[in-house]
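Now for the letters of each chain:
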Amino acid sequence: MAMHIASESDANGRLLLIDRDVSCARLVAGSLAECLVAAPRIVSVGGGKSAVEALREASFDIILADLSSLSDLSERSDDAVARLVRLAEGALVIAISDGASVSAAVAAMRAGAHDYVVKPINGPAIAARIGELAQRHGKLRSLSIEARPGEGVTGFSGFIGASSAMQFVYEQIERIAPSAAPVFITGESGTGKDVCAEALHARGPRAGKRLVAINCAAIPRDLMESELFGVARGAFTGAHEDRKGAAELADGGTLFLDEIGEMDLSLQSKLLRFLQTGTLSRVGEAGVRRVDVRVICATNRNPMALISEKKFREDLFYRLHVLPIHLPPLRQRPTDIMVLARNFLERYAGEERKRFSGFSAETANLLISQEWPGNVRQLQNLVRRLVVMFDGGEITAAMAGAADIEGKALVETREAEPRRERRAILPMWQQEQRIIEDAIASFGGNVSLAAAALEISPSTIYRKRQGWAEMGVAGAA
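Since the structure is predicted, the reported quantities are computational estimates derived from the model, not experimental observations.

Reading the values: the criteria
Residues numbered from 1 in each chain as written. Predicted model: local features only at pLDDT ≥ 70, side-chain atom pairs only at ≥ 80, totals over all residues. Heavy atoms only, no water. Salt bridge = Lys/Arg side-chain N within 4 Å of Asp/Glu carboxyl O. Helix = DSSP H or I, 4+ residues; strand = E, 2+ residues; numbered from the N terminus. Buried < 20%, exposed > 50% of the residue type's maximum accessible area, 1.4 Å probe, protein only. Pairing = 2+ DSSP bridges. Core = buried A, V, L, I, M, F, W, Y, C linked by side-chain atoms within 4.5 Å. Contact = heavy atoms within 4.5 Å. Axes fitted to C-alpha atoms, helices over the stretch in contact; angles between N-to-C directions. Parallel < 35°, antiparallel > 145°, perpendicular 65-115°, else oblique. Left-handed = near helix turned anticlockwise from the far one by under 90°. Nonpolar A, V, L, I, M, F, W, Y, C, P; charged D, E, K, R; others polar. Expected span 1.5 Å × (residues − 1). Arc of directions from axis to C-beta. Polar contact = N/O pair within 3.5 Å; in protein donor to acceptor, adjacent residues only side chain to side chain.

S.K.: I'd like a rundown of the pattern of salt bridges, residues and numbers included.
M.R.: In the structure shown here, the tally under the stated rule is 17 salt bridges. One salt bridge in this structure joins glutamate 432 and lysine 464, with 3.2 Å as the shortest N-O distance. Of this pair, glutamate 432 sits in helix α18 (residues 428-442) while lysine 464 sits in helix α20 (residues 458-471), placing them 32 residues apart in sequence. The partly exposed category is assigned to lysine 464, whose relative accessible area is 26%. Bridged by salt links that share partners, the residues Glu248, Arg282, Glu285 and Arg289 form one connected network.

S.K.: Help me get a handle on the pairing of strand β12 (residues 294-299), residues and values and all.
M.R.: Within β12, six of the six residues are buried, which leaves it mostly tucked inside the rest of the structure. Burial along β12 is two-sided: the face carrying Arg294, Ile296 and Ala298 and the face carrying Val295, Cys297 and Thr299 are both buried. As paired elements, strand β7 (residues 183-186) and β12 share four bridges and run parallel to each other. Counterpart to isoleucine 185 in the pairing with β12 is alanine 298. Bridge analysis of strand β9 (residues 254-258) against β12 gives four bridges, and the strand direction is parallel. Within β12, the residue paired with leucine 257 across the bridge is cysteine 297.

S.K.: Can you lay out the nonpolar core for me, pointing to particular residues and giving the numbers?
M.R.: The nonpolar side chains of soluble globular proteins are, as a tendency, buried together. Judged by nonpolar contacts, the single largest core of 37 residues is most densely connected at Leu16, Ile18, Ile63, Leu70 and Leu84. In terms of residue count, helix α3 (residues 77-88) provides more of this core than any other element does, five residues in total. When sequence neighbours within four positions are dropped, the list of residues in contact with isoleucine 63 reads Leu16, Ile18, Leu55, Leu84, Ala88, Ala91, Leu92, Val93 and Ile94.

S.K.: Just give me the short version of the packing of helix α13 (residues 337-352) against helix α15 (residues 375-389), but keep the residues and values in it.
M.R.: In contact at an axis separation of 9 Å, α13 and α15 are set at 40° when each is read in the N-to-C sense. By the angle between their directions, the pair α13 and α15 is classed as oblique. With respect to the hand of their crossing, α13 and α15 are arranged in right-handed fashion. On α15, the residues touching Ile337, Leu340, Ala341, Phe344, Leu345, Arg347, Tyr348, Ala349, Glu351 and Glu352 of α13 are Val376, Leu379, Gln380, Val383, Arg384, Val387 and Val388. Residues belonging to the contact of α13 with α15 are distributed by class as follows: 12 nonpolar, one polar and four charged.

S.K.: Please set out helix α6 (residues 164-176) residue by residue, giving values where relevant.
M.R.: Between its first and last C-alpha atoms α6 spans 18 Å; for 13 residues at 1.5 Å apiece the expected length is 18 Å, and the two agree. When we look at burial in α6, the residues that qualify are Met166, Val169, Tyr170, Gln172, Ile173 and Ile176. Taken around the axis of α6, the buried residues stretch over an arc of 160°, which confines them to a single face.

S.K.: Any details on the packing of α13 against helix α14 (residues 361-368)? Residues and values, ideally.
M.R.: Axis separation between α13 and α14 bottoms out at 9 Å; the angle between their running directions is 120°. Classified by the interaxial angle, the pair formed by α13 and α14 is oblique. In the crossing of α13 with α14, the sense of the turn from one axis to the other is right-handed. On α14, the residues that touch Ile337, Met338 and Ala341 of α13 are Ala364, Leu367 and Ile368.

S.K.: Report on the environment of glutamine 268, specifying residues and quantitative values.
M.R.: Mapped onto the elements, glutamine 268 comes out in helix α10 (residues 265-277). A relative accessible area of 0% means that glutamine 268 is categorised as buried. Here the alpha-carbon distance between glutamine 268 and arginine 313, two residues 45 residues apart in the chain, equals 7.1 Å. Not counting residues up to four positions away in its chain, the partners in contact with glutamine 268 are Met263, Lys311, Phe312, Arg313 and Leu316. At 2.8 Å, the side chain of glutamine 268 and the backbone oxygen of methionine 263 are in polar contact. A distance of 2.8 Å separates the side chain of glutamine 268 from the backbone nitrogen of arginine 313, its partner in a polar contact.

S.K.: Can you explain helix α7 (residues 193-202)? Please cite residues and give values.
M.R.: Burial of α7 is extensive: seven of the 10 residues sit out of reach of the surface. Lining the buried residues of α7 we find α6, β7, β8 (211-215), β9, β12 and β13 (323-326).

S.K.: For unusual backbone geometry, give the residues involved together with the corresponding values.
M.R.: Although it is not a glycine, arginine 353 adopts a positive phi angle of roughly 55°. With respect to the helices and strands, the residue arginine 353 is situated in the loop between α13 and β14 (355-359). Residue arginine 353 is classed as exposed on the basis of its relative accessible area, which comes to 80%.

Here it is in structure tokens:
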């Protein structure tokens, strides 16, 4: 069968697409060409035998194989996949199905496939997945593949990133933004909880009104009530005039309570009453005022742990925890690291009026391999220091190391393992959660495949994740 050449250059690698459905193959090829900055040369064939001929004539970096289209090569799709893997000599192999069973997917991966996707194929998602696999399997240097900048990368209300983890966050924001119900954002420090709150406000019906943010960890305990609810004239020494608090200032708009877990217990009861009645009283005032706000709160701590330690009211938690959103740490979205780094480099180079040509391949590999405990904020600070410390040109690994003045961002891989071993032992339920979530992430969010790999039922995973979500445990959203 004749091969359809979907692109003209081999400089960015070669991709073999196996699908007997010509229209579907053209759609996939077109989507990849649109979603990849430097798309590989795409060769399309209609079956397994044609794929074997193509592999014997040329080498390929990536193979996308529709399992049903391999039937002319073998009755068992896993046998056909195994043969392609042997002939492909180290190419990334991704199996495609229009809804085959989980057992077929697992069999394909046991036969050597690196991943498995289900039709219809989403262009941005498969482009991001190819980038993740290229990095994970050491193909980054031979494949110039990354997501093309677009709405999912740099244009989603301040967020940067097109990984599957962030695409899920964007979808949640789109669904949740129109509601008036409280939102509970969880995530490690530096993951962008404030950006998430701003996106929810900007994309909701209250966008024309104010978004007022108050950091519950940054305001002294004895001033927190007046900052939140306001103060009446003469309430205490120095209160020379009536002053609105954050809740009143946000009337008609959104009140964002950052680091809600740090709020004092005595004030938590007043916040609960405010949420229940929609009314507040300024400090030193007998009357009540009605306020209409949407409340968004965020924390980098485990709220259930705070509740068990008697540091957070359980009834307040359930009043706030209506629509949960969890922001993934940077280490779980490696394809976004260089997108973020280049964005920060361009921004800060412009501010400092310097010219940088980008990051060397060695530097990119170094950045991608890090855990980034400070997440996006830590990467952002490192890039800013690079721009300030150096005059321009290509950023090398030596320059990045020199800018890492804290010695916390860039560590050699061989030094990372001993550091992990010194961490405290986690409770069993947390270890179970980590294992399950890591498995889901490894299969690109596919719960069925993760369940098959863990040898448990998908319903078990859904039940546990629902339980974590109800508890407000980070990672369950």
